[in-house]
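# Descriptive structure summary
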Amino acid sequence: QLRLVESGGGPVQAGGSLRLSCTFPGAILSTFTSIDATWYHQAPGKERELVAAITSGRNTNYADSVKGRFTISKDNRKRAVYLQMNSLRPEDTGVYYCRADLWGQTHWGQGTQVTVSS
């Protein structure tokens, strides 16, 4: 089964930046390049919401709340998916999860905590 690990979360002040990483330990290149990856944000007591997505063909999609602030990308050499977060706001606080969809199967990471203080 595909394993994915998120990292890069932590405390940051409003207006600051953070880069989250989603890596795939043990995944070969052909596997990684076939993945459709999505970053989700979940605040306590709220539904998990889509933040940004990138397809295996490198098409991207963003939630309205993060357009112009967040950028999703992937690096085939490093077999990693990134979420660059700029101009962070307190409402961005929460757990960020990486989701990978591969050949009809969905895989979730354990999440990484982001805390934006004002």
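Here is a short report on the structure shown in this document. (Residues numbered from 1 in each chain as written. Predicted model: local features only at pLDDT ≥ 70, side-chain atom pairs only at ≥ 80, totals over all residues. Heavy atoms only, no water.)

A word on the overall build of the protein chain. If you tally the helices and strands in the protein chain, you get one helix and eleven strands. Starting at the N terminus and ending at the C terminus, the protein chain contains elements arranged as β-β-β-α-β-β-β-β-β-β-β-β. Whereas a compact globule of 118 residues would reach a radius of gyration of roughly 13 Å, the protein chain reaches 14 Å, a difference of no more than 12%. Overall, the C-alpha framework of the protein chain stretches about 40 × 25 × 20 Å when taken along its three principal axes. Sequence separation of 24 or more characterises 52% of the internal contacts of the protein chain that already satisfy a separation of 6 or more. Just so you have it, the protein chain exposes about 6,400 Å², and 45% of that area is on carbon and sulfur atoms. (Helix = DSSP H or I, 4+ residues; strand = E, 2+ residues; numbered from the N terminus. Rg over C-alpha atoms; globule rule 2.2 N^0.38 Å. Contact = heavy atoms within 4.5 Å. Areas by Shrake-Rupley, 256 points an atom, 1.4 Å probe, with all protein chains shown as cover.)

Attention now moves to the state of the cysteines. Counting across every chain of the model gives one disulfide. A sulfur-sulfur distance of 2.2 Å marks the disulfide that ties Cys-22 to Cys-98. Because the sign of the S-S torsion sets the handedness, a value of about -90° for the bond joining Cys-22 and Cys-98 places this disulfide among the left-handed ones. Of this pair, Cys-22 sits in strand E3 (residues 18-23) while Cys-98 sits in strand E9 (residues 94-102), and the two are 76 residues apart along the sequence. (Disulfide = S-S within 2.5 Å.)

Mapped onto the elements of the fold, Ala-14 is located in the loop between strand E2 (10-13) and E3. What makes Ala-14 partly exposed here is its relative accessible area of 40%. Taking C-alpha positions, Ala-14 is 18 Å from Val-51, a pair spaced 37 residues apart along the chain. Setting aside residues up to four positions removed in sequence, Ala-14 forms contacts with Leu-88, Pro-90, Val-116, Ser-117 and Ser-118. (Buried < 20%, exposed > 50% of the residue type's maximum accessible area, 1.4 Å probe, protein only.)

This part is about the nonpolar core. Membership of the largest hydrophobic core comes to 30 residues, with the highest contact counts inside it found for Phe-24, Trp-39, Val-81, Leu-83, Met-85 and Tyr-96. At the level of secondary structure, the elements contributing two or more residues to this core comprise E3, strand E4 (36-42), strand E5 (49-54), strand E7 (70-75), strand E8 (80-85), E9 and strand E11 (112-117). The greatest single-element share of this core, amounting to four residues, is contributed by E9. In this structure, Phe-24 is in contact with Leu-2, Arg-3, Leu-4, Phe-32, Ile-35, Arg-79, Val-81 and Ala-100, ignoring residues within four places of it in sequence. (Core = buried A, V, L, I, M, F, W, Y, C linked by side-chain atoms within 4.5 Å.)

Read these as geometric descriptors, not functional statements.
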